[in-house]
Amino acid sequence: MSEKSNRGRLRGRTGETLKSWLIMLPGLLLMTFFVWEPLLESIRMSLYKTRNVELVRFVGLDNFISVMGKDDFTQALMNTFSYTFWSLLIGFALPILLALMIGETRRGKGFFRTAVYLPNMLPGLAVIILWSAFFSGEKSGVLNILIGKLGIPPQSYLTKAHLVIPILIVIATWKGAGATALIYMAGMAGINAELYEAAAIDGATVWQRMLHILLPAIRKLAGTLLILQIISVFQIMYEPMVLTKGGPDNASLSLMQLMWQYAFGGAMNYGKASAVAVTVTLILLVMTGIYSYFNRKESDWD
Amino acid sequence: MAEQTRTGVIRDYDMHAPSVRVGYGIILFLCAVMVVVALFPLVWVILAGFKDLREFVSSTRLLPASFDPKTYLTTWNQLGIAKNYLNSFLSVAGSVVCALLFNGLLGYGLGILKPKGSGAVKKLVMLSLLMPTTISIVPLFMNIQKVGLGNSFVPLWLSYGANAMYVILFVQFFESLPASILEASRIDGCSQLQVFFRIVLPLSKPICSVVAIFAVNAAWSDFLLPYLVLRGGELQTVMVRLFVFSTEQTVNEDAMMRSVVFSMIPPIILFFIFQKQLTENSVSVGIKG
């Protein structure tokens, strides 16, 4: 970072400092209006009784107590953990596998990369509606047509409580796995090929090279992507809202969807909605904290 | 595609071993399966869009009986999608301008100018990257209501000027620019803003195009905040319409699937134009690494 001292000459006098801040001001104002203030405001709002956009009076933790006392909260909390579990089970290793396989291809690599990335570009809402035609329980549903060719009678999918969450995760994985695979491929491309050559000369098999050179090299990246995946799947909201409306019988209701229902589902109870949002934030903060604690330990090892 | 050195674990000489060759065959087969899984739903929905309602509800064939483009045209006209397209384009255009201008200027301040105290702001921006985004949609919507910007593109445009990820992308890129060029231009008497528009931006085409592509795609696909801001009005975008269709079930299944196709066309075109930038290593690393 020797550049830092050179850059230093760009600032210096107070007039310059002021001008620099003026240049950043529009961006800072927007960040405040769209990101930072709403975040703080949602904490404040969760402690108030609200009527439409007005804060009526301070009620302490009443919103939290009332929200958490209801069955749908318990259900949504468990569902959200279930989403996370299935997402890790289905969606975590798959991109690594895809990246491993595409990375080994000697021809057509560009085509494979393009094909797996394409679903990621499609609008998420359109993807959910598209897949609803696949999992339709009618005999004209795409999956039922396909299994019909094997002689299996039509099944219903989205009305089965134990299937809806895995199905939603399969759809999310279909959309996102390719893009994540490309990130892993970038990480793998950074490995010096001479390492493989040297290992091969020492008699290491292809398996051994993968286990002892490639996988350790992407371990840190995998850790980062893991926590990002948890953060994003924990906020799952419109997917169940559109595909199943949270059903059958709240079996796919997520926490964020519950927040949306409180706020915009007719009741306009922004205080209770904020209480749910703050709860989700707290859970995520704790999980991120645990992650960075272990991550720090790990880097001590290195 | 500058260097064509092999990066894989399997080296050329491994290919002599039969077991490795079998393994490689399996890999190729699985890659082919993967391509089919990735593309089949997309191809299917485009072709299925030619089905009429009766076929959609009762036919047990994957493909439509006939490929009459009228099905698509009728839906396009009946639902008045053209107007939604125009709205979407307007919304996207303003969003991209805001994404480049405001995040770029903030990134310039945090990455190059670095006035006293900007380090703390940079940390704050980094922190917001980890913060769940949908959490604050309620108070954000209330803010927009309070300043009277409901039923307008302005809040949607400006919301793209406040994207922590784009700011960080700019900062990282700007920090890699050679300080000597910037300094020389300062000595030549350019003001800070002139340096930004005349020196920094022209040098930053790669990162600007990355942010622009991501902003176009995000703004096109976005529907939650746009729905809250634009619902019921004349300015609804394609995705807002699609969201309304899906929640209120006012359109038939066949028209719904055709609307899905309509909503996918611009992103697919964008993808094929910029597929190289999008699938290039550097970009994806910048996003999540």
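Thresholds applied
Residues numbered from 1 in each chain as written. Chains lettered and ligands numbered in written order. Predicted model: local features only at pLDDT ≥ 70, side-chain atom pairs only at ≥ 80, totals over all residues. Helix = DSSP H or I, 4+ residues; strand = E, 2+ residues; numbered from the N terminus. Rg over C-alpha atoms; globule rule 2.2 N^0.38 Å. Buried ≥ 20, exposed ≤ 12 C-beta atoms within 10 Å, placed from the backbone. Domains from an automatic or database assignment. Contact = placed C-beta atoms within 7 Å. Nonpolar A, V, L, I, M, F, W, Y, C, P; charged D, E, K, R; others polar. pLDDT = per-residue confidence, 0-100. Core = buried A, V, L, I, M, F, W, Y, C linked by C-beta atoms within 7 Å. Expected span 1.5 Å × (residues − 1). Pairing = 2+ DSSP bridges.

Some remarks on the overall build of chain A
When helices and strands are counted, chain A shows 15 helices and 2 strands. At 25 Å, chain A has a C-alpha radius of gyration far larger than the 19 Å of a compact globule built from 302 residues. In terms of its C-alpha atoms, chain A occupies a principal-axis envelope of roughly 80 × 75 × 35 Å. Scored against the burial criterion, the 302 residues of chain A give a buried share of 42%.

A short note on the domain arrangement of chain B
All names here are of chain B. Splitting chain B by domain gives domain 1 (12–73) and domain 2 (74–288). The C-alpha centroid of domain 2 is placed 32 Å from the C-alpha centroid of domain 1. On the domain 2 side, the residues contacting the 13 residues of domain 1 number 11 residues. If one sorts the elements of the side of domain 1 that touches domain 2 by residue count, helix α3 (residues 70–78) sits on top with 4 residues. Here the residues of the side of domain 1 that touches domain 2 are counted per class, giving 8 nonpolar, 2 polar and 3 charged.

Some remarks on the confidence of the model for chain B
Residue and element names in this part refer to chain B. This prediction gives chain B a mean pLDDT of 87; 94% of its residues lie at or above 70. Scored below 50 in pLDDT, residues 281–289 shows 18 contacts in the model against residues more than four places distant or in partner chains. Both scores are available for the predicted complex, with the pTM at 0.89 and the ipTM at 0.89.

Some thoughts on the environment of L53 of chain B
Residues and elements named next belong to chain B. Take L53: it is sitting in helix α2 (residues 53–58). According to the C-beta neighbour criterion, L53 is exposed, with 12 such atoms within 10 Å. Considering only alpha carbons, one finds L53 and P18, 35 residues apart in sequence, at a separation of 53 Å. In this structure, L53 is in contact with N252, E253 and D254, ignoring residues within four places of it in sequence.

Looking at the nonpolar core
In terms of nonpolar packing, the biggest core is built from 153 residues, with A99, L125, A126, A181, M259 and V276 of chain A touching the most fellow members. For this core, the element with the most residues is helix α9 (residues 161–189) of chain A, which contributes 17 residues. When we break this core down by domain, the ones giving at least three residues each are domain 1 (12–73) and domain 2 (74–288) of chain B.

Details of the confidence of the model for chain A
Should the pLDDT be low somewhere, the predicted coordinates at that spot are not to be read in detail. Averaged over all residues, the pLDDT of chain A is 88; the fraction at 70 or higher stands at 94%. Every residue in residues 1–6 of chain A scores below 50 in pLDDT, and together they form 3 contacts with partners more than four places removed in sequence or on other chains.

Focus: helix α6 (residues 109–121) of chain A
Because each turn of an α-helix spans 3.6 residues, side chains separated by three or four positions in sequence point in the same direction. The end-to-end C-alpha distance of α6 of chain A, which contains 13 residues, comes to 19 Å, matching closely the 18 Å that a straight helix rising 1.5 Å per residue would cover. Most of α6 of chain A sits out of view: 10 of its 13 residues are buried. In the core, the buried residues of α6 of chain A are packed alongside α5 (93–104) and α9 of chain A together with α1 (18–48), α11 (205–221) and α14 (253–279) of chain B.

Describing the interface of chain B and chain A
Accessible area lost upon the coming together of the parts serves often as the stated size of an interface. Contacts between chain B and chain A engage 87 residues on the former and 91 residues on the latter. When residues of the side of chain B that touches chain A are assigned to their parent elements, the largest contribution, 13 residues, is made by α1 of chain B. When grouped by side-chain class, the residues that make up the side of chain B that touches chain A number 53 nonpolar, 25 polar and 9 charged.

Examining the pairing of strand β1 (residues 48–51) of chain A
Residues and elements named next belong to chain A. Both β1 and strand β2 (residues 54–58) contribute to a ladder of 4 bridges, which runs antiparallel. Note on β2: the bridge partner recorded for Y48 is F58. In sequence, β1 turns back onto β2 through a hairpin of 2 residues, with N52 there showing a positive phi of about 50°.

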